[in-house]
Each structure stands twice: as structure tokens, then as C-alpha cells.
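Fold and contact review
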Amino acid sequence: MKWPVKNIQDIKWQDLELGMTITEPGSSRFYKTGDWRTFKPVVDKSKCIKCGLCYIFCPDAAIYEDNEGFFVANLDYCKGCGICAKECYVQCITMVEEEV
Ligand code: SF4
Ligand code: SF4
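Rules and cut-offs
- Residues numbered from 1 in each chain as written.
- Chains lettered and ligands numbered in written order.
- Predicted model: local features only at pLDDT ≥ 70, side-chain atom pairs only at ≥ 80, totals over all residues.
- Heavy atoms only, no water.
- Phe/Tyr/Trp six-rings, centres within 6.5 Å; stacked < 30°, edge-to-face > 60°.
- Helix = DSSP H or I, 4+ residues; strand = E, 2+ residues; numbered from the N terminus.
- Buried < 20%, exposed > 50% of the residue type's maximum accessible area, 1.4 Å probe, protein only.
- Lys NZ or Arg CZ within 6 Å of the ring centre and 35° of its normal.
- Near = heavy atom within 4 Å.
- Nonpolar A, V, L, I, M, F, W, Y, C, P; charged D, E, K, R; others polar.
- Contact = heavy atoms within 4.5 Å.
- 1 Å grid on protein atoms, 1.4 Å probe; cavity = no way out; pocket = protein on both sides within 12 Å on 5 of 7 lines; lining within 4 Å.
- Points joined across faces, edges and corners; volume = space filled by probe spheres on them.
- Salt bridge = Lys/Arg side-chain N within 4 Å of Asp/Glu carboxyl O.

Section: the packing of aromatic side chains
What the rule picks out here adds up to one aromatic pair. Ring centres of Tyr55 and Phe71 lie 5.8 Å apart, and the angle between their planes is 50°; this geometry places the pair in the tilted category. Of this pair, Tyr55 sits in helix 1 (residues 53-57) while Phe71 sits in strand 3 (residues 71-73), placing them 16 residues apart in sequence. On the accessibility criterion, Phe71 (12% relative accessible area) is buried. Positioned over the ring face of Phe70 is Lys50, at 4.4 Å from the centre of the ring.

If you want it as C-alpha cells, here you go:
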């Protein structure tokens with residue numbers, strides 16, 4: 001990889017070198033950090049009360065509201081930390097191991 005790069009979206013996070021500086025704000029959305037994940041959150045929609053607590057607590061802002069008002073993880077960015085499952089008041093999120 002030749003540095004500096006003009007378009008940050010042309011490189012993957014794996015290409016970043018130790019100690020380098022990223023000067024373009026908002027560039028993290030181009031990195032699909034979900035590929036670090038080993039578990040994924042699965043919502044039982046029959047139990048979900050649409051409170052949005054999972055959305056508030058997700059440290060990666062990886063949860064969005066779908067067009068039915070349910071809160072679901074964007075697996076491009078969810079790292080599978082399980083915080084949403086821990087915080088869900090009605091315990092309707094299960095962390096399921098990813099298949100390899
Ligand atoms: S598992 Fe972690 S990163 Fe993924 S949606 Fe839940 S809180 Fe966010
Ligand atoms: S915290 Fe649980 S009940 Fe609340 S919106 Fe998220 S999945 Fe549904």
C-alpha cells in the first residue's frame with residue numbers, strides 16, 4: 001500500500017500500519033469492524049418491548065431501528081460484545097456463536 005492514500009474507503013482496517021495517523025473525520029464507517037465478531041446478538045421479536053435500551057448501550061453504535069420499530073444489530077459493525085444482551089430489560093437478546 002502506498003501512503004498517503006487519497007480515498008480512505010479504498011483501504012481496509014487490516015492495511016493500517018502501527019502508529020499511523022488518520023486525518024479524515026468520520027472515516028470509521030468505511031471499516032467493516034463486524035468481521036472481528038465471534039458471537040452475534042439475535043433478538044426474539046415476540047418478547048421485545050421496543051424500549052431502545054440496547055441501542056443506547058451499544059458501544060459501537062451498531063444498533064438501528066428497523067421499519068417495524070425493532071432494534072437490530074448492523075452486523076457490518078457489531079463486534080459481538082454482548083452488552084446489548086446484558087442490558088436488555090426483558091432478556092430477549094441471545095448471543096449466538098457465529099458459524100465459521
Ligand atoms: S453485541 Fe455489542 S456491538 Fe453488537 S449490537 Fe450488541 S452491544 Fe452493539
Ligand atoms: S433492549 Fe431488548 S426489549 Fe429493548 S429494544 Fe432492545 S431488544 Fe427490544
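From this point, the narrative continues.
Side note on the site of ligand 2
Taken together, Cys48, Ile49, Lys50, Cys51, Gly52, Leu53, Cys54, Phe71, Cys88, Val90, Cys92 and Ile93 are the residues near ligand 2. Of the residues assigned to the shell around ligand 2, the class counts are 10 nonpolar, one polar and one charged.

Thoughts on the side chain of Thr33
By the secondary structure assignment, Thr33 is in the segment before strand 1 (39-43). Residue class for Thr33 comes out buried when judged on its relative accessible area of 15%. With sequence-adjacent residues up to four places away left out, Thr33 is seen in contact with Asp76, Tyr77 and Lys79.

Notes on the layout of surface pockets
Taken as a whole, the largest pocket encloses approximately 150 Å³ of empty space. For the lining of the largest pocket, the per-class residue count stands at seven nonpolar, three polar and two charged.

Remarks on the side chain of Arg37
Along the chain, the position of Arg37 falls in the segment before strand 1. Among all residues touching Arg37, those that are not within four sequence positions of it are Leu75, Cys78, Lys79, Gly80 and Glu98.

Some thoughts on the site of ligand 1
Within the structure, ligand 1 sits among Cys58, Pro59, Asp60, Ile63, Ala73, Cys78, Lys79, Gly80, Cys81, Gly82, Cys84 and Met95. Looking at the shell around ligand 1 residue by residue, the classes come out as eight nonpolar, two polar and two charged.

Quick word on the pattern of salt bridges
Under the definition given, this model contains six salt bridges. In this structure, Lys32 and Asp76 form a salt bridge, with 3.6 Å as the shortest nitrogen-oxygen distance. Linking Lys32 in the segment before strand 1 with Asp76 in the loop between strand 3 and helix 2 (83-87), this pair joins segments that are 44 residues apart in sequence. A residue is classified by how much of its surface remains accessible, and Lys32, at 42% relative accessible area, is partly exposed.

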